[in-house]
Amino acid sequence: MQPVLADSVRLTDDGVLILDRRQFPFERDWVLCRTAEDVARAIEDMVTQSSGPYFAALYGMVLKARTLEGKPFAEARAELARTAIMLENTRRTNNALSKATAAVLKAVDEAQDVTNALQGAKTGDHAYRAKSQALGEHTANLLPDNATVMTHCWADLYLTETVRAAQNQGKTLKFFCTETRPYLQGARLTAETLIEMGVDTTLITDGMGAAVLQSGEVDALVTAADRVTMDGHVVNKVGTLGLAVAAHAFGVPFHAQVQAPDHAAPTAEHVEIEYRDGAEVLQVLGRPSATPRVKGLYPAFDVTPPRFVTDVVTDRGVFGAGELDKYYEGEQR
Ligand SMILES: CSC[C@@H](O)[C@@H](O)C(=O)COP(=O)(O)O
C-alpha cells in the first residue's frame, strides 16, 4: 500500500493540491495553490515539508508556465527563471528546491518552449522517486535481519523506501522515532506512516534519544539529510547532531541518507542554515506551550561533522563520509 504522504502534492487543472502536513494525521485537509506564488507561500508556511517542497516546486513551475503560454520565448523564459528563484528562496537549507526548478528549466530550454515545463516536472518527479527507491535499498542492505532503528524528523520517501526494501528483503524492523519539536514531524508524520506500513513504532521525546541509544536496544541511527557537503558534513533537522554524537559515543552506526552529496558545497560554511521565527518553539500545534514572557530560538537545521557519521547512503550506494568524491567519479560536471 502506498503511504498517504507519498502522494501529497498533486497537479490539477485548477492548481497544485497540497496535503496540509501541519495538521496530519488529525485532519486530512488539502490546500489548493492556484499560482506559483501560492505554492511558495505554502512551502514557507510548512504546509508541506521534507521532500514535499521538491514536488511542490516542480508543479509550481508548471503553474507559472501555464500563465506564460503564447508569450515570446525569451520573455516567458525570464519570467520562469524569476519564479524559480522565488521558489528556491522559500527554504534555503535544502537544495532539492533548486534541483526541482532546474529540472523544469532544462526541459523548457531543450524544447525552447514553456509548455514543456510539464514534461520537465514529470521527469523530475520520476527521478526523485527512483533515486529515493535506490537509496532505500542501499540503506536496507545495511540493516540486520531484526533491526531496531532510531530516526529523527520525517525523511519522507527516503524512509518509506527504506522500510519497503527491508520488508521485501524479509527483514523485521522496529523503530524509535523522536517527536521533533516544534512541528512534531516525528510524532505525527513518521509515526503515522511507519504504522501505516506495519512497523512496530515507539515514540520518544527529543530529550530521550541519548538514553535510548545508551540502552543498547538500537542497531542503527538512520536519518535523511537536507544536504551533505563534499567533506561529509550532514545538514539535517536540528537535533540530528545530538543523536549522532550520542550514537557515536555508544557505538551505534549513523547512516545519513541523501540523494547526492552537494558538489556546490565543499564544506559546511557553504550551506545556509534556515532560522525560523523563534516564536514557533513557544507553541505546539498552534497552542502556546511556554510562558509568553520567554523568547524562543529556532535554527531549523544543524550540522553533524563527518567524524560522527558512519556513512552516507546515496542512490549510487554507500560512501564513507571522507570519500564522497567517489559519488561523482567518471562524471563530467
Ligand atoms: C528528504 S530530506 C529530509 C529532511 O528534509 C528531513 O530530515 C527534515 O529535516 C525535514 O525538515 P522540515 O523542516 O520539516 O522540512
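Residues numbered from 1 in each chain as written. Predicted model: local features only at pLDDT ≥ 70, side-chain atom pairs only at ≥ 80, totals over all residues.

(A) Structural context of the environment of Leu-80. One can find Leu-80 in helix α3 (residues 73-88). Separated by 103 residues in sequence, Leu-80 and Tyr-183 place their C-alpha atoms 32 Å apart. Every residue in contact with Leu-80, bar those within four places of it in the chain, is listed here: Met-61, Lys-64, Ala-65, Leu-68, Leu-105, Val-108 and Val-114. (Helix = DSSP H or I, 4+ residues; strand = E, 2+ residues; numbered from the N terminus. Contact = placed C-beta atoms within 7 Å.)

(B) Inspection of the site of the ligand at higher detail. Taken together, the neighbourhood of the ligand is formed by 16 residues, with Gln-49, Ser-50, Cys-153, Ala-224 and Lys-237 sitting nearest. Of all the secondary structure elements, the ones that give two or more residues to the shell around the ligand are β7 (220-224) and β9 (234-237). Taken domain by domain, the makeup of the shell around the ligand includes at least three residues from each of domain 1 (4-129) and domain 2 (135-328). (Near = placed C-beta within 6 Å. Domains from an automatic or database assignment.)

(C) Representation of the domain arrangement of the chain. Under the domain assignment, the chain is made up of domain 1 (4-129) and domain 2 (135-328). Relative placement of domain 1 and domain 2: their C-alpha centres are 25 Å apart. In this complex, domain 1 contributes 16 residues to the contact, which on the side of domain 2 involves 22 residues. For the side of domain 1 that touches domain 2, the class distribution of residues is 6 nonpolar, 6 polar and 4 charged. (Nonpolar A, V, L, I, M, F, W, Y, C, P; charged D, E, K, R; others polar.)

(D) Quick peek at the sheet that holds β9. Taken in spatial order, the 3 strands of this open sheet run β8-β9-β15, and their pairing is antiparallel. Each end of this open sheet is capped by a strand with a single partner; those strands are β8 (227-228) and β15 (301-304). Note: β8 against β9, 2 bridges, orientation antiparallel. Across the sheet, Val-228 pairs through a bridge with Val-234, a residue of β9. In the packing of helix α9 (residues 240-249) onto the sheet, contacts are made with β9 and β15, and the angle to β15 comes to roughly 30 degrees. (Pairing = 2+ DSSP bridges. Axes fitted to C-alpha atoms, helices over the stretch in contact; angles between N-to-C directions.)

(E) Main features of the pairing of strand β3 (residues 30-33). Side-chain alternation along β3 places Val-31 and Cys-33 on a buried face and Trp-30 and Leu-32 on a face that remains uncovered. Where strand β2 (residues 16-19) and β3 come together, 4 bridges link them in antiparallel fashion. From the neighbouring strand, Leu-17 faces β3, where its bridge partner is Leu-32. (Buried ≥ 20, exposed ≤ 12 C-beta atoms within 10 Å, placed from the backbone.)

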